[in-house]
Amino acid sequence: MADLPLNSSSDASHQSSTEHPSLEHFWMPFTANRQFKASPRLLAKAEGMYYTDIDGNKVLDATAGLWCCNAGHGRREISEAVSNQIKQMDYAPSFQMGHPIAFELAERLTELSPEGLNKVFFTNSGSESVDTALKMALCYHRANGQASRTRFIGREMGYHGVGFGGISVGGLSNNRKAFSGQLLQGVDHLPHTLDIQNAAFTRGLSPFGAEKAEVLEQLVTLHGAENIAAVIVEPMSGSAGVILPPQGYLKRLREITQKYGILLIFDEVITAFGRVGAAFASQRWGVIPDMITTAKAINNGAIPMGAVFVQDFIHDTCMQGPTELIEFFHGYTYSGHPVAAAAALATLSIYENEQLFERSFELERYFEDAVHSLKGLPNVIDIRNTGLVAGIQFSPNAQGAGKRGYGVFEHCFRHGTLVRATGDIIAMSPPLIVDKREIDQMVNSLSDAINAVG
Ligand code: PXG
């Protein structure tokens, strides 16, 4: 077994302990494993707005875990629902069998979803939701007598998880290049909508850039609408560093897809359940897609779960052929898992009782003012925000792309605030229970880090 690294980069503001588990065997996801293991950050507890690390230091959570814990941490309602459900029935299959709680959850979810999206397919993650939606699009067109519609259109800088479908329609080159020999055939990408030159420091949606949706018309001309199955975009890109849709852009995508019979999929794995000031980004920005992919905050991140919301017409078209035959050859052992579903029902009750989606909308202005106060600090080249999410972008430093962003993230963590770095962008997406004092604390911590890192 390897020697245990003992807080090699701890500083005076963070206590260090001498006991760590062996870090040798867990190959960590999306992590610089060797760097992390040389200087680990290990969390042990979570309550409300705070994590506590294994040395007992409190860390203010400005990321809702990884965009998951919108109701804050340690919610008793959720842990009790999970505990009760696991005692009553730990697991039950959803293939040719069923259990009431999954049906109840599907119904509750459709009370929140945009009009017409009344069918729910359960998965266990955002990646699975994306692959499910892509497969559903192919099934629908085939059932609709248009089997030639097989092409997908994603967008540059889009993130749609890590399945082969998701990385094919996704547009982050680091996630694609090692696998490029085996990506899906027949995929194009729209241009991304990040526009620092014209729109830096815009509060909310930029008035510039809706015309980027027109590229879809060119792709239709190039391939023929009869060959295109679906367009998939995040209404707001999270992973790529909080990239917002320009005003009118999503509406234009909807108009063009509708005109040509192309399905429009919104990937709301990050934006659903209150992040942008409404239950769904679709509602916030007034554009209704044909499918919505979700995960994460569906049950506050408590148990892996995802869901695809589907327009009735897609579902109904697929319900054909002899009734004893399976209509959609797709599903997961854990689709609609009873314990995950119990956590989701408890979570939805918290969202409703505490009006957290409304809170996200109401706090938007305060959060916006707070994050935009960072304008003018060294190397800050853009600040973007909506609801309770913000991205702060830095120019890269001489050591290379991403180094400054990582430095700011690391400084914040060592001084008690968890933010998320993607390249030279810091994302903040606190639990929706955050209060104004905590917003100030996060922004002060970030300001200190930006000044210190330089
Ligand atoms: N779609 C979107 C829009 C996402 O943001 C996924 C799909 C995949 O979900 P799963 O559950 O398979 O991981 C995501 C995931 C970050 C970050 O740093 C974002 C995600 C995951 C990890 C890190 O912003 N989003």
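Rules and cut-offs
- Residues numbered from 1 in each chain as written.
- Predicted model: local features only at pLDDT ≥ 70, side-chain atom pairs only at ≥ 80, totals over all residues.
- Near = placed C-beta within 6 Å.
- Helix = DSSP H or I, 4+ residues; strand = E, 2+ residues; numbered from the N terminus.
- Nonpolar A, V, L, I, M, F, W, Y, C, P; charged D, E, K, R; others polar.
- Domains from an automatic or database assignment.
- Pairing = 2+ DSSP bridges.
- Buried ≥ 20, exposed ≤ 12 C-beta atoms within 10 Å, placed from the backbone.

Chemist: Explain the site of the ligand to me, using residue names and the numbers behind them.
Modeler: Taken together, 18 residues surround the ligand, and among them S125, G126, S127, G161 and V269 come closest. If you tally residues by element for the shell around the ligand, the top one is helix 5 (residues 126-143), at 3 residues. Of the residues assigned to the shell around the ligand, the class counts are 7 nonpolar, 8 polar and 3 charged. Formed jointly, the shell around the ligand draws a minimum of three residues from each of two domains, domain 1 (33-71 + 357-453) and domain 2 (78-353).

Chemist: Can you lay out the sheet that holds strand 1 (residues 43-47) for me, pointing to particular residues and giving the numbers?
Modeler: Read from one edge to the other, the open sheet built from 4 strands follows the order 1-2-3-13, with strand pairing classed as mixed. Single-partner strands in this sheet number two, and they are strand 1 and strand 13 (417-418).

Chemist: Got a sec to walk through the domain arrangement of the protein chain? Specific residues and values, please.
Modeler: For the protein chain, the assigned domains are domain 1 (33-71 + 357-453) and domain 2 (78-353). Only helix 2 (64-67), helix 14 (356-362), helix 15 (364-372), strand 11 (380-386), strand 12 (389-394) and strand 15 (425-428) provide two or more residues apiece to the side of domain 1 that touches domain 2. With 6 residues, strand 11 is the single largest residue contributor to the side of domain 1 that touches domain 2. Classifying every residue of the side of domain 1 that touches domain 2 gives 14 nonpolar, 12 polar and 5 charged.

Chemist: Can you tell me about unusual backbone geometry, naming the residues and giving the values?
Modeler: The backbone of A64 sits at a positive phi, close to 45°, despite the residue not being glycine. The exposure class of A64 is buried, given the 31 C-beta atoms found within 10 Å. Positive phi is not limited to glycine here, since N300 has a value of about 65°. Mapping N300 onto the fold places it in the loop between strand 9 (291-294) and strand 10 (306-310). Judged by local crowding, N300 falls into the buried class, with 28 C-beta atoms found within 10 Å.

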